[in-house]
Every structure is written in C-alpha cells, then in structure tokens.
Amino acid sequence: MAPPSFFLYTIMTFLSFYGITAVDYQVINDAATTPGGIRFNNEIGICKAKQIMATANSFILYAIFQEVYPSDQKAIDLVNLYIEEIKFPLTITWGNNNINFSSIHLAEFKGDLQREFMANMYHEMTHVLQWPGDAKTPPGLIEGIAEYTKLKANLTQPGFAKPGEGDHWHQGYDVTARFLEYCDEITPGFVAKLNKMMRFRFEFNYFKDLTGKPVYQLWLDYKVKYGKCCS
Ligand SMILES: *[C@@H]1O[C@H](CO)[C@@H](O)[C@H](O)[C@H]1NC(C)=O
Ligand SMILES: *[C@@H]1O[C@H](CO)[C@@H](O)[C@H](O)[C@H]1NC(C)=O
Ligand SMILES: [Zn+2]
C-alpha cells in the first residue's frame, strides 16, 4: 500500500489538475513608456512579477493563514497587477483581485527594486487573500495583518516599528504588525486563528476568545513587556 504522503500528493495533483487550487496572474504595464515602467521591465519584468505573486500567495495561505484546504480560502482564481503612472497611493488593492502599483515609485526608489517590489506585493496580496470581517473591523487591523505578512517574510523596509512602539493596537501597519507578533507569543497561530474568525464578521472579543485577555489589556501588557508604558 502506498504511504499516506503519496495518497495526499495524488489528491493535490488531482485538485490542481481540475484547477481547484490554481490561481492565474496577469501583469499589465500601463506605464511601459515611462521611466518607472521601463525600470519595471528591466529590473523585475512580467515573468518575475508573476513568480513573486505566486510565491506570496502560497506563503500567505499556508504560512500566515494556515488555510490548508481550498474551502478555508477565499475563492480567488485570478489576480491582476496594473503598473500605473499614479503617484499616490504607491500601491493599492481594489475590487476583489486587482492591485495597482505606482510606476512613479518604481522610478524614484533607491536601492534593491526587486526587494521593494516584493515587500509591497506581499502586503497587497495579503489584502487579496485575508478575510475582511465586516464594517466593524478597524482598518488598522486590516493594514496590520498585511504588514505582519511582510514582517514574517523578512521584507520589512527601513523605519519599520520596533517591538513595543506605537500608541494604539489598531494604529495600523507596522505598529499593529508588531502587536500581532506579540499576540502570537501568547497564543501560537494567533493571526491565522483571528483571520479565520474574521471570515464573516469582526468582534473585539475575538482577542479575548483567543488569549483570555481583552485587547486593551493585551496592549498594556505588550507595552510593559518592552518598557514602553506611560513614556
Ligand atoms: C487602478 O488602475 C486601474 C486600471 O488602469 C484604474 O482604472 C484605476 O482608476 C486605478 N485605481 C487607483 C485607485 O489608482
Ligand atoms: C527570516 O529570517 C529569520 C532569521 O534570520 C529566519 O529564521 C526565517 O526563516 C526567515 N523567514 C523567511 C520566510 O525567510
Ligand atoms: Zn494595505
């Protein structure tokens, strides 16, 4: 009899053969004749961009959200990336599955462009794949989860908050990402579990359900741990 791993592999092959777990990526360079669009083609290119999106997709689904089964995942079968000559925002996710990336940022960025592109794509791909809760979800938490992916993928950019920094747990971005990392220490897999709970709605009580402590207390514990309380 075949070992279980072979059995699993057969099922996964079956699923991908029928397209159940497959995601397509489309990259549209609308700024191909501008300095940023040209730099994109020279230093990243469409093929590499698609590979980065596919790698981000697996990292987010499996490592960050621990959504092993397609039934746990958002049903996304196509992600479009548009390189646009727009200065702000640098990057944005819109609709269900579209990402815009500023060619002006690509032109002006100084340093390793591929790494900068990856950092932003891991953030935006998190928005494509995360469960949004409902209208009660603080936007700072949505953004914090996206930066948490960046942190876990070792793609943080200069100036990223250090542990203990910030004024509120829902301040967003890097501040909230560091706080979520602390919540993971209290309850292993915290972010994956929280995301799962946010499939249909959001409750502040999720923090207490997962850690035994209300979120404001977790934030104070976190500040005290890093000697940043009342300073
Ligand atoms: C994103 O790009 C699309 C496609 O060109 C465009 O229609 C849309 O206005 C852009 N959205 C933002 C927020 O920049
Ligand atoms: C990030 O870096 C840490 C420390 O060097 C390492 O343990 C970890 O495996 C890296 N993670 C990824 C996703 O590359
Ligand atoms: Zn964002």
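Data block above holds the structure.
Attention here is on the structure that accompanies the text. (Residues numbered from 1 in each chain as written. Chains lettered and ligands numbered in written order. Predicted model: local features only at pLDDT ≥ 70, side-chain atom pairs only at ≥ 80, totals over all residues. Heavy atoms only, no water.)

Some thoughts on the nonpolar core
Our working rule: Buried Ala, Val, Leu, Ile, Met, Phe, Trp, Tyr and Cys residues form a nonpolar core when they are joined through side-chain atoms within 4.5 Å. The rule is simple: take the accessible area with a 1.4 Å probe, protein chains only, and divide by the maximum for that residue type; under 20% is buried, over 50% is exposed, in between is partly exposed. Helical segments are the DSSP runs of H or I of at least four residues, strand segments are the runs of E of at least two, and each set is numbered from the N terminus. Boundaries of every domain are those given by an automatic assignment or by a domain database.
With 57 residues, the main nonpolar core has Leu81, Phe179 and Phe207 as its most contacted residues. A total of eight residues in this core trace back to one element, the largest contributor, which is helix α5 (residues 113-129). Each of two domains, domain 1 (1-129) and domain 2 (133-231), supplies a minimum of three residues to this core.

Focus: the side chain of Asp184
Applied cut-off: Positive: Lys, Arg. Negative: Asp, Glu. His and the chain ends are not part of the count. The rule for a salt bridge is simple: a side-chain nitrogen of Lys or Arg has to be within 4 Å of a carboxyl oxygen of Asp or Glu. Whether two residues are in contact is decided by their heavy atoms: any pair within 4.5 Å suffices.
For Asp184, the location among the structural elements is in helix α7 (residues 173-186). At 5.0 Å, Lys152 is the nearest oppositely charged side chain to Asp184, a buried residue that forms no salt bridge. Apart from residues lying up to four places away in sequence, Asp184 is in contact with Tyr148, Gly189, Phe190 and Val191.

Comments concerning the packing of α7 against helix α8 (residues 190-197)
Our working definition: Axes here refer to lines fitted to C-alpha atoms; in helices the fit is confined to the stretch in contact. Angles between the N-to-C directions go from 0 to 180 degrees. Convention used here: angles under 35 degrees read as roughly parallel, angles over 145 as roughly antiparallel, angles from 65 to 115 as roughly perpendicular, and any remaining angle as oblique.
Closest axis-to-axis distance for the α7/α8 pair is 8 Å, and the angle between their directions is 105°. In terms of orientation, α7 and α8 fall into the roughly perpendicular class. Of α8, the residues touching α7 (which contributes Leu180, Cys183 and Asp184) are Phe190, Val191 and Leu194.

Description of the pairing of strand β3 (residues 91-94)
What counts is decided by this rule: By definition, two strands form a pair when at least two bridges between them are found by DSSP.
Every second residue of β3 is oriented toward a common face, the buried set being Thr91 and Thr93 and the non-buried set Ile92 and Trp94. Alignment of β3 against strand β4 (residues 98-102), held across four bridges, turns out to be antiparallel. Opposite Ile92, over in β4, you have Asn100 as the bridge partner.

Side note on the site of ligand 2
Formally: Think of it this way: one heavy atom of a residue within 4 Å of a molecule or strand is enough to make that residue near it. Areas reported as accessible are Shrake-Rupley estimates using a 1.4 Å probe. Residue values count occlusion only from the protein chains shown.
The immediate surroundings of ligand 2 are formed by Phe59, Lys152 and Asn154. Coverage of ligand 2 by the protein amounts to 26% of the 360 Å² it exposes when considered alone.

Looking at the side chain of Thr93
Stated precisely, the cut-off is as follows: Polar contacts, as counted here, are pairs of nitrogen or oxygen atoms within 3.5 Å of one another; within protein the pair requires one atom able to donate a hydrogen and one able to accept it, and residues that are adjacent in sequence qualify only if both atoms are side-chain atoms.
Mapped onto the fold, Thr93 is located in strand β3. Among the polar contacts made by the side chain of Thr93, one reaches the side chain of Glu124 at a distance of 2.5 Å. Sequence-distant contacts of Thr93, defined by excluding residues within four places in its chain, comprise Asn98, Ile99, Glu124, His127 and Val128.

Overview of the sheet that holds β4
The strands that make up a sheet pair up through hydrogen bonds in the backbone, lying either parallel or antiparallel. Pairing in this open sheet of four strands is mixed, and the strands run β1-β2-β4-β3 from one edge to the other. One side of each edge strand has no neighbouring strand; the edge strands of this open sheet are β1 (24-29) and β3. The mean inter-strand angle of the sheet, taken between neighbouring strand axes irrespective of direction, is 15°.

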